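Residue-level structure breakdown
Listed below, chain by chain, are the residues.
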Amino acid sequence: MYMKNFSFGRLASLIMLLTVSASIQAYDFEVGGIYYNKDGSNAKVVSGDKKYENTVTIPEKVENDGVSYWVTSIGAYAFDNCDHLTKVTLSKELKEIGFRAFRNCIALADINWTDNIISLGEDAFIGCTSLTTVTLSAKLSDMGESAFSGCTGINSLTVHDGCTLIGGSAFYGCNKIQTVKLPQSVKRIGSSAFSGCTALEELNVGSGVETIASYAFDGCSHLKKVVLGSEVKYINFRAFRNCIALADVNWTDNIISLGEDAFSGCTSLTTVTLSAKLSEMGESAFGGCTAINSLTVHDGCTLIGGSAFSGCKNLKAVELPQSVVSVGGSALENCVALTTVRGGDALQTLGSYAFSGCTHLQDFTVGGDLRQIGFRAFRNCTSLTNLTILTATPPTLGEEAFSAYTAKLCVPENAVADYKGSNTKWADFTNVVAYTTPVTLTIRQAAGGAVKELIRVGESYQYTISPDEGWEVNTVTFNGTDVTKQLVDGVYRTPALTADATLSISFQSPVVAAGAPVASQARAYGANDCIVVRGAETGDIVSIYALDGRLLNTVVADGSELRIQANGNATYIVKVGDKAIKIAM
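Below: a short report on this structure.

Basis of the calculations
- Residues numbered from 1 in each chain as written.
- Predicted model: local features only at pLDDT ≥ 70, side-chain atom pairs only at ≥ 80, totals over all residues.
- Heavy atoms only, no water.
- Core = buried A, V, L, I, M, F, W, Y, C linked by side-chain atoms within 4.5 Å.
- Buried < 20%, exposed > 50% of the residue type's maximum accessible area, 1.4 Å probe, protein only.
- Contact = heavy atoms within 4.5 Å.
- Helix = DSSP H or I, 4+ residues; strand = E, 2+ residues; numbered from the N terminus.
- Phe/Tyr/Trp six-rings, centres within 6.5 Å; stacked < 30°, edge-to-face > 60°.
- Lys NZ or Arg CZ within 6 Å of the ring centre and 35° of its normal.
- Polar contact = N/O pair within 3.5 Å; in protein donor to acceptor, adjacent residues only side chain to side chain.
- Pairing = 2+ DSSP bridges.
- Salt bridge = Lys/Arg side-chain N within 4 Å of Asp/Glu carboxyl O.

Turning to the nonpolar core, a few remarks are in order. If you look at the biggest cluster of nonpolar residues, it comprises 138 residues, and the most contacted ones within it are F125, F148, F171, F286 and F355. Beyond its immediate stretch of four places on either side in the chain, F286 contacts W251, L258, F263, S264, L269, V272, L274, M281, I292, A308, F309 and C312.

Put into C-alpha cells, the structure is as follows:
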C-alpha cells in the first residue's frame, strides 16, 4: 500500500473550495451546449445546468451579445464527474486547465493535447481511468498536485522539451506507464510524482533535473534502470524506496544530498558510487539493499550516513577516501560478508553499532585522526584479526565497543606504550604492536592496466584467476618466476611478502577444432618492459599485435628464450604458430 503525502498546499486548496463551491454552477452565458464565464476579453469554460457528455469541442473563440471572446481556460470543476464524457477536443488558444476540471471523468479516453497549456490545476484529471495517452506541453510551468493521479489506463507519457516540472503526485498510481523520459528543460520531479507506478521499467532523467523529491518513485517495483541527468543534486526522502527490481543506476558526480531511505529496500541494486560532492546522507539511504557487492566512495565525499548500508549482506570491502570524516551509527551493521575496511586520515568518528554484526570482518585500518569509536561499534565482529589505528592518542572508546580484544592491534611505534598503558579498554588488547608500512603487490592481467594491493608485511595474498570465455591460463609469474604449476583450481597464493612484488597472468586461446594439430607449447608473459616467450620451436613465427589488431613486431624463433622489447602499461596479443596469448605489461 502506498501513502500519498498530504501537503499544506492541498489543505489550503481544500479550504479555498469553501468559497469556490458556492459559485460552481454560476455561468455568464451558454453557446452550443458549453457554459462560459467572462474574464475580461477572454472566456472560461465552466460547469452549467447539465453535465457534459459524449464529445465536447472547445472553440478558439466564442461570441455572446455581439462580443467575441478568446477561450483561454477551463475553470475549476468544469467537467467534474462527467462520467459519460468520452472525448474532448482542446483549442490551440487554451492555456489553463483548472482545479479538478476533469476529475473522475471515468469514460474520458481521447484528448488532443495542445502545446500552449501553461498550467494544470491540482487534481485536474485525477481518476480519469480510461485516459491512455498524456502529452505535457512545452510551455507547461505550473502543475498542481495529483494532476493525473489514479489514471490507471495511462500507458503513454510524452513530455515536450520546454516543460519545467513534474508536479507532486502527478502520476501517482498510474500502473501502466512503462517508460519515462524527461527532457533537459525539466528542473524538478515533485514528491510522489510516480509513486506506485508498478509497471514502470525505465527512467531517463533529463540533464536539467536538479531535485528528485520525496517518494518520487517509491514502490515502482518493476523499475530496472535509472539514467540520472548530470545536474541531479538532491535525491530526497524515500525517492526510490522499495524499487525491488532496480539493478542499474548511472551514479553521477554532482549529487550533494541523499535523503533518508532514498534507495532502501532496492534489493537488486549491486553497485553504488558516492559522489565527490556528497555532504548530506540521511538514515538508511541504502539500508537493506542486500545485493550490493561494490561500493565506490569518491574523494570529496565527507560522510557515510547512519544505517546507510545496514544489512547489505553481499558487500565485501569498503575503502574510504581521505575526505570522509565520519561513519554514522549502524552505517554498515550486519554486513556479514564484509572482510576489509580502510579509512583515511580525516576519519574522526565511528558511530555506535557502525560495524556491529560484521561477522566476517577481518581487517580494519584507519588513519591518524580518529577520535571516537562509539557504543558497540564492533560488537560481534568475531573474525576481526587485524586492527590498525594510526592515531597517536588512543581514541575515546564507547562502552562495549569490541566484543573481544584478541585481534592484533597495530598502532604508531611511539604510541604502543600509551595504548598498552591506557586506563580504558585499549589496555585489554593482548597483542599491541608497532605498525609496519605495508608492501605493494602489483597484479597485471591483460586488461589494459594493473591492480595494486597493499599487503601487510609477512602475509601472503590469494588471487583467483577467471579467464574470459574462449581463453585459458597460459602463464602465471611471480616476480618473473613461472609459478603456473602452483595454481590450484584457478587460485594462486603468493609466498609471505616482505617487499613489493609483481604477479602477472597471461592467457591463451586454445585450439578446439576436431583433427587440429597439437597446439604450440609456447608460453609468454611480460617482464621488465619485455615480452618473454619460452617453448617456441625453431622456425616458429612469433607475431606481436596491439589489441586493435595492428601488427607491431615479428620474430622467427630459434629454440631459445625470446625477449622482445615492448612498452609497459599495455596489453598485447602474442601469436606463436597456432596459439594466441594475451598478456599485460
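Here the narrative resumes.
Backbone geometry places Y77, a non-glycine residue, at a positive phi of 65°. Within the fold, Y77 resides in the loop between β6 (67-74) and β7 (85-89). Even without glycine at this site, D489 takes up a positive phi of about 55°. Among the secondary structure elements, D489 is positioned in the loop between β41 (481-482) and β42 (491-493).

Our next topic: the environment of L269. Tracing the backbone shows L269 in the loop between β22 (257-258) and β23 (271-274). On the basis of relative accessibility, which here comes to 0%, the residue L269 falls in the buried class. L269 sits 257 residues away from G526 along the chain, and the two C-alpha atoms are 37 Å apart. Beyond its immediate chain neighbours, meaning those up to four positions away, L269 contacts L246, A247, V249, W251, F286, A291 and I292.

It is worth spelling out the packing of aromatic side chains at this point. Two aromatic rings, taken as a pair, are described by how far apart their centres are and by the angle between their planes. Counted according to the given criterion, the structure contains 34 aromatic pairs. On the basis of an interplanar angle of 70° and a centroid distance of 5.8 Å, the ring pair of W251 and F286 is categorised as edge-to-face. Of this pair, W251 sits in the loop between β21 (248-249) and β22 while F286 is found in the loop between β24 (280-281) and β25 (294-297), placing the two residues 35 residues apart along the sequence. F286 sits in the buried class, given a relative accessible area of 0%. Ring geometry for F263 and F286: centres 5.3 Å apart, planes at 5°, overall stacked. Separated by 23 residues along the polypeptide, F263 in the loop between β22 and β23 and F286 in the loop between β24 and β25 bring together distant segments of the chain. Residue class for F263 comes out buried when judged on its relative accessible area of 2%. Note that K61 overlies the ring of W70, its terminal NZ or CZ placed 4.6 Å from the centroid. Taking NZ or CZ as reference, K575 lies 5.3 Å from the ring centre of Y545, over its face.

Looking at the secondary structure, you find S137 in the loop between β11 (133-136) and β12 (142-143). Reaching out from S137, the side chain makes a polar contact with the backbone oxygen of I117 at a distance of 3.0 Å. At 2.9 Å, the side chain of S137 and the backbone nitrogen of K139 are in polar contact. Sequence-distant contacts of S137, that is, excluding residues within four places in its chain, are made with T114, D115, N116, I117, H160 and C163.

Attention now moves to the environment of K408. Along the chain, the position of K408 falls in strand β35 (residues 408-411). Classification of K408 as partly exposed rests on a relative accessible area of 28%. Considered as a pair, K408 and F125 are 283 residues apart in the sequence and their alpha carbons are 66 Å apart.

Another aspect to go through is the side chain of D363. Summarising the element assignment, D363 is placed in strand β31 (residues 363-366). Taking the relative accessible area as the measure of exposure, D363 reaches 14% and is therefore buried. Those residues in contact with D363 that sit more than four places away from it in its chain are T339, T340, V341, L384, N386 and R456.

Turning to the pairing of strand β37 (residues 439-444), a few remarks are in order. By the criterion of burial, β37 is predominantly enclosed, with five of the six residues buried. Here six bridges tie β37 to strand β38 (residues 450-455), and the two strands are oriented antiparallel to one another. Opposite T442, over in β38, you have K452 as the bridge partner. Across four bridges, the pairing between β37 and strand β43 (residues 501-509) is parallel. Across the sheet, the residue bridging to L441 is A501, located in β43.

Moving on to the pattern of salt bridges. A full pass over the atoms with the stated rule returns 13 salt bridges. Note that R376 is salt-bridged to E400, the shortest N-O span being 2.8 Å. Here R376, found in the loop between β32 (372-373) and β33 (386-389), pairs with E400, found in the loop between β34 (396-397) and β35; they are 24 residues apart in sequence, far enough to count as distant. The partly exposed category is assigned to E400, whose relative accessible area is 43%. A salt bridge links D482 to R523; its shortest N-O distance comes to 3.4 Å. Separated by 41 residues along the polypeptide, D482 in strand β41 and R523 in strand β44 (residues 523-527) bring together distant segments of the chain.

Ordered by their spatial adjacency, four strands build an open sheet running β15-β17-β19-β21, and the pairing between neighbours is parallel. Both outer strands of the open sheet, β15 (179-181) and β21, are each paired with one neighbouring strand and no more. Direction of pairing for strand β17 (residues 202-204) relative to strand β19 (residues 225-227): parallel, over a ladder of three bridges. Residue pairing across strands places N204 opposite V227, the latter belonging to β19.

Pairing in this open sheet of three strands is parallel, and the strands run β4-β7-β9 from one edge to the other. Looking along the sheet, the strands with just one partner apiece sit at the ends: β4 (54-57) and β9 (110-111). Pairing between β7 and β9: two bridges, direction parallel. Bridge pairing in β9 places V88 opposite I111.

Another aspect to go through is the environment of K313. Examined against the element boundaries, K313 turns out to sit in the loop between β26 (303-304) and β27 (317-319). Placed 104 residues apart in sequence, K313 and A417 show a C-alpha to C-alpha distance of 37 Å. In contact with K313, other than residues within four places in its own chain, are T290, V336 and A337.

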